[in-house]
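# Observations on the model geometry
Spelled out from the first residue to the last, the chains are:
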Amino acid sequence: MPELPEVESLTHFLRERAVGHTILAVDVVGFQALKTFDPPATALGGLTITGVARHGKFLDLDCDGLHLVIHLARAGWLRWRDDLSGAKPVRPGKGPLAVRVRLAPDDDGQAPGFELTEAGTQKRLAVYVTRNPDEVPGIAALGPDPLDPSFTVAALKRIVGGNRTQIKGLLRDQKIIAGIGNAYSDEVLHAARMSPFKIAATLTDTQIADLHEAIVTTLGEAVERAHGLAAKDLKAEKKSGLRVHNRAGQPCDVCGDTIREVSFADSSLQYCPTCQTGGKPLADRRLSRLLK
Ligand SMILES: [Zn+2]
């Protein structure tokens, strides 16, 4: 799932490749992906892409004042195509293609563009056409962006203060902090040497400062690594940069202990016991049930 660093990188990528180009057409194939009906997607035809911005995990293409807003969700991806002029017309069907954005041909006759695809059967990729991106419900509800200068230790202290939720859940909640998902919350907590089940309100001032440092550094470094990469190379880069997420059974880079996992109904978290939980494995209810 693309999180803040990958979406930030896609934002830069599209700024370089797509800004200044006129949209020929936006072909919506996966109709469930389009969450707005007025203005219609056809209204984007003929408009020029003038800017690209990121809001949390949302991509926002400004097209002469009309915005194409994209949320890639869990299994969605953006694929840049250098030349779509020979591409077959899209037909609604069972394939992964949800939306194709075709741009006007450049001087050498190539018509670039990009495609939004979504793997799997759960269709969560969301596309909005709106005059005001702040009207997209997920954007309107976003918490502060952790890469924004206003995200200070004091700001984080206000966020965690009195919050009785587990820190892992808090970090993933887009309404509390924008842009962090399952992978980077694992990474942040490993860097902060903190148990994912710790209750936010119990953090000391030192722990809040450590957590802040871990958030800013982990995301900042991931953005740095992803910067300048082509869209197609981002997934591999994300995977290779992760130190605990999806690495259960492998040794921790920091201490050599074996990385462990806690499974939930539709997700799992990974952590290092020595670095994060005083050497004690966290209870994995699903696993302990199986062992009984
Ligand atoms: Zn460790």
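No experiment lies behind these values; they were computed from the predicted model shown.

### Details of the sheet that holds strand β7 (residues 113-118)
- Pairing within the open sheet is antiparallel, and its four strands lie in the order β1-β6-β7-β5. Only two strands of the sheet have a single partner each, and these edge strands are β1 (23-28) and β5 (76-81). Each adjacent strand pair in this sheet contributes to an overall mean axis angle of 15°, direction not counted.
- Pairing analysis gives six bridges linking β5 to β7, with the strands arranged antiparallel. In the strand pairing of β7, W77 is matched with T117.
- Running at roughly 25° to β5, helix α1 (residues 4-18) makes contact with β5, β6 (97-103) and β7 of the sheet.

### Quick notes on the UniProt feature "domain: FPG-type" (unreviewed entry) in the protein chain
- The UniProt record annotates "domain: FPG-type" (unreviewed entry) at residues 243-277.
- A helix fraction of 11% and a strand fraction of 23% characterise residues 243-277, whose end C-alpha atoms lie 16 Å from each other.

### Quick word on the coordination of the zinc ion
- For the zinc ion, the protein coordination sphere consists of C252 (SG), C255 (SG), C272 (SG) and C275 (SG), at 2.2 to 2.4 Å.
- Angles of 96 to 114° at the metal separate the four donor atoms of the zinc ion, which places the site in the tetrahedral class.

### What to know about the domain arrangement of the protein chain
- Here the domain parsing of the protein chain yields domain 1 (4-141) and domain 2 (153-282).
- Its C-alpha centre places domain 1 at a distance of 29 Å from the equivalent point of domain 2.
- On the side of domain 2, 20 residues touch domain 1, which itself brings 14 residues to the contact.
- Summed over both partners, the interface of domain 1 with domain 2 buries about 1500 Å², with 65% contributed by carbon and sulfur atoms.
- Here domain 1 and domain 2 share one salt bridge between them.
- Here K238 ties to E6 by a salt bridge, and the two come within 3.8 Å at their closest N and O atoms.
- Here domain 1 is connected to domain 2 by five residue pairs in polar contact (both at pLDDT 80 or more).
- Listed by contribution, the elements that provide at least two residues to the side of domain 1 that touches domain 2 are α1 and β5.
- Per-element accounting of the side of domain 1 that touches domain 2 gives the leading share, eight residues, to α1.

### Structural notes on the packing of aromatic side chains
- Counted according to the given criterion, the structure contains two aromatic pairs.
- Between F13 and W80, the ring centres sit 5.9 Å apart and the planes meet at 85°, which makes this aromatic pair edge-to-face. With F13 in helix α1 and W80 in strand β5, this pair connects stretches of sequence that are 67 residues apart. Taken individually, F13 and W80 each receive the classification buried, so the pair is uniform in this respect.
- Considering the side-chain rings of F58 and Y128, the 6.4 Å spacing of their centres and the 50° angle between planes classify their relative orientation as tilted. Of this pair, F58 sits in strand β3 (residues 58-63) while Y128 sits in strand β8 (residues 126-130), placing them 70 residues apart in sequence. The pair F58 / Y128 is uniform in exposure class, with both members buried.

Conventions we followed
- Residues numbered from 1 in each chain as written.
- Predicted model: local features only at pLDDT ≥ 70, side-chain atom pairs only at ≥ 80, totals over all residues.
- Heavy atoms only, no water.
- Pairing = 2+ DSSP bridges.
- Helix = DSSP H or I, 4+ residues; strand = E, 2+ residues; numbered from the N terminus.
- Axes fitted to C-alpha atoms, helices over the stretch in contact; angles between N-to-C directions.
- Contact = heavy atoms within 4.5 Å.
- UniProt positions renumbered as here; feature names shortened; annotations may be inferred.
- Donors = N, O, S within 2.8 Å, 3.2 Å for Na, K, Ca; no water.
- Tetrahedral: all angles 85-135°; square planar, octahedral: opposite > 155°, others 65-115°.
- Domains from an automatic or database assignment.
- Buried area = accessible area lost by both parts, 1.4 Å probe.
- Salt bridge = Lys/Arg side-chain N within 4 Å of Asp/Glu carboxyl O.
- Polar contact = N/O pair within 3.5 Å; in protein donor to acceptor, adjacent residues only side chain to side chain.
- Phe/Tyr/Trp six-rings, centres within 6.5 Å; stacked < 30°, edge-to-face > 60°.
- Buried < 20%, exposed > 50% of the residue type's maximum accessible area, 1.4 Å probe, protein only.

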